[in-house]
Structure formats: structure tokens, C-alpha cells
Amino acid sequence: MRKLIVVPMILVGLLLAACTPEEAHHLSAVNDFRSQNGQAMLTWDEDIYQAARDWSQHMADAGALSHPEDLAGNFNPPAGWHKLGQNVAEAPSLDSAMTALENSPHHRENLLDPAFNHIAIGVVQVNGLYWLTEDFLG
């Protein structure tokens with residue numbers, strides 16, 4: 001009986017996170033990819049989430065992919081971080097964005113880097129395109 005209570009509480013906790021369903025879907029895709037490649041799952045990081053959302057909105061507003069000049073300044077990472085990374089994408093679907101990131105050597109390296117243990121994902125949809133930012137922290 002206790003398991004029936006614990007599972008819903010975990011699900012409630014996940015649903016209360018600030019991420020959108022699209023961001024949760026992409027987090028699942030990232031962690032599935034890492035698992036298939038022998039890497040540990042990444043933990044959602046609420047502290048850097050707003051920076052990921054804001055950067056996706058920035059790119060959508062500009063109509064172009066880019067990275068911030070100062071990633072650490074854009075992130076405002078919590079104390080104790082050792083490594084930062086970022087992937088950005090623009091695509092007609094989140095699945096096609098994930099495929100493009102998996103197939104790009106530098107982006108794939110970030111996705112599978114064992115030094116990263118936290119992630120925040122920002123997804124913005126504008127005019128049928130998804131603008132995606134993955135911010136990694138290790």
C-alpha cells in the first residue's frame with residue numbers, strides 16, 4: 001500500500017516543477033539518449049532554468065541561433081560548479097531538434113559528457129518552430 005502513496009507523491013513533485021510539458025519531454029529524450037550510451041541521467045536544475053528559458057526566447061525574438069558571450073554570467077550557476085555547457089537548436093519539432101543535436105559531434109559531446117550532472121531546458125515555440133536551449137552544469 002505504501003508504494004501506491006509514494007509513486008503519486010513523486011509524480012506530484014515532478015508536475016510541480018516549473019518546466020513545461022515540452023521541456024519535460026525533452027529532458028526525457030536527453031536522459032534516454034544518455035542511458036543508451038552508458039551515461040548517468042541528468043537532474044533537473046531549477047536554479048538555472050530561467051536562464052535557459054530566457055535564452056530560447058532571446059533566440060526566437062532574434063530569429064537566429066546564438067550562444068551568450070559569457071555563459072557563466074548568463075547562467076548565474078550556483079556555487080560549487082566545475083563545468084558549464086550549452087546546446088541550442090531550432091527545429092520544427094523537438095524530436096528533430098534532438099536528432100540534430102545527437103548527430104552533431106560537439107552537441108553530442110555535451111549530451112554525453114560524464115562531468116555534467118544537472119540540466120535545465122528552455123523551449124519556446126514561435127511560428128511553428130521550436131527554439132531550444134540545454135544548459136548543462138557539472
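Residues numbered from 1 in each chain as written. Predicted model: local features only at pLDDT ≥ 70, side-chain atom pairs only at ≥ 80, totals over all residues. Heavy atoms only, no water.

S.K.: Could you give an account of helix H3 (residues 46–62), naming the residues involved and the relevant values?
M.R.: Taking 1.5 Å of rise per residue, 17 residues should cover 24 Å, and H3 covers 25 Å from first to last C-alpha, within 8% of that figure. All of the buried residues along H3 are Ile48, Tyr49, Ala51, Ala52, Trp55, Ser56, Met59 and Ala60. Packed against the buried residues of H3 are helix H2 (21–36), strand S1 (43–44), helix H4 (71–75), strand S2 (84–91), strand S3 (118–126) and strand S4 (129–137). The first or second residue beyond H3 is Gly63, which carries a positive phi of 70°. (Helix = DSSP H or I, 4+ residues; strand = E, 2+ residues; numbered from the N terminus. Expected span 1.5 Å × (residues − 1). Buried < 20%, exposed > 50% of the residue type's maximum accessible area, 1.4 Å probe, protein only. Contact = heavy atoms within 4.5 Å.)

S.K.: Go over the pairing of S3 with me, naming the residues and quoting the values.
M.R.: For S1 and S3, the ladder comprises 2 bridges, and the chain directions are parallel. When the bridges of S3 are listed, Trp44 appears paired with Ile119. Taking the residues that link successive antiparallel strands as the turn, the S3-S4 hairpin has 2 residues, and the phi of Asn127 there is positive, at about 50°. (Pairing = 2+ DSSP bridges.)

S.K.: Go over unusual backbone geometry, please, and point to the residues and values.
M.R.: You will see that Asn127, though not glycine, has its phi angle at about 50°, which is positive. Looking at the element boundaries, Asn127 is found in the loop between S3 and S4. On the accessibility criterion, Asn127 (77% relative accessible area) is exposed.

S.K.: I'd love a proper account of the pattern of salt bridges, names of residues and values included.
M.R.: Throughout the structure, instances matching the rule amount to 2 salt bridges. For Glu23, the salt bridge identified is with Arg53, shortest N-O distance 2.9 Å. In this pair, Glu23 sits in helix H2 while Arg53 sits in helix H3, placing the two residues 30 residues apart along the sequence. Given a relative accessible area of 0%, Glu23 falls into the buried group. Among the ionic pairs, Asp113 bridges to Lys83, the shortest N-O distance being 2.4 Å. (Salt bridge = Lys/Arg side-chain N within 4 Å of Asp/Glu carboxyl O.)

S.K.: Tell me about the packing of aromatic side chains, residues and numbers included.
M.R.: Inspection of every chain in the model, using the stated rule, returns 2 aromatic pairs. A ring pair is formed by Trp44 and Tyr49, whose centres lie 5.2 Å apart and whose planes are at 50°; its orientation type is tilted. Sitting over the face of the ring of Phe116, Lys83 holds its NZ or CZ atom 5.3 Å from the ring centroid. (Phe/Tyr/Trp six-rings, centres within 6.5 Å; stacked < 30°, edge-to-face > 60°. Lys NZ or Arg CZ within 6 Å of the ring centre and 35° of its normal.)

S.K.: How would you explain the environment of Ser28 if you had to name every residue and give the values?
M.R.: With respect to the secondary-structure elements, Ser28 resides in helix H2. Once the C-alpha coordinates of Ser28 and Leu42 are considered, the two residues, 14 residues apart in sequence, prove to be 9.5 Å apart.

S.K.: Lay out the sheet that holds S2 in plain terms, naming residues and giving numbers.
M.R.: Overall, mixed pairing links the 4 strands, which are arranged S1-S3-S4-S2 in an open sheet. Strands with a single pairing partner mark the edges of an open sheet, and in this sheet they are S1 and S2. Lying over the sheet, H2 contacts S1, S3 and S4, oriented at roughly 130° with respect to S3. (Axes fitted to C-alpha atoms, helices over the stretch in contact; angles between N-to-C directions.)

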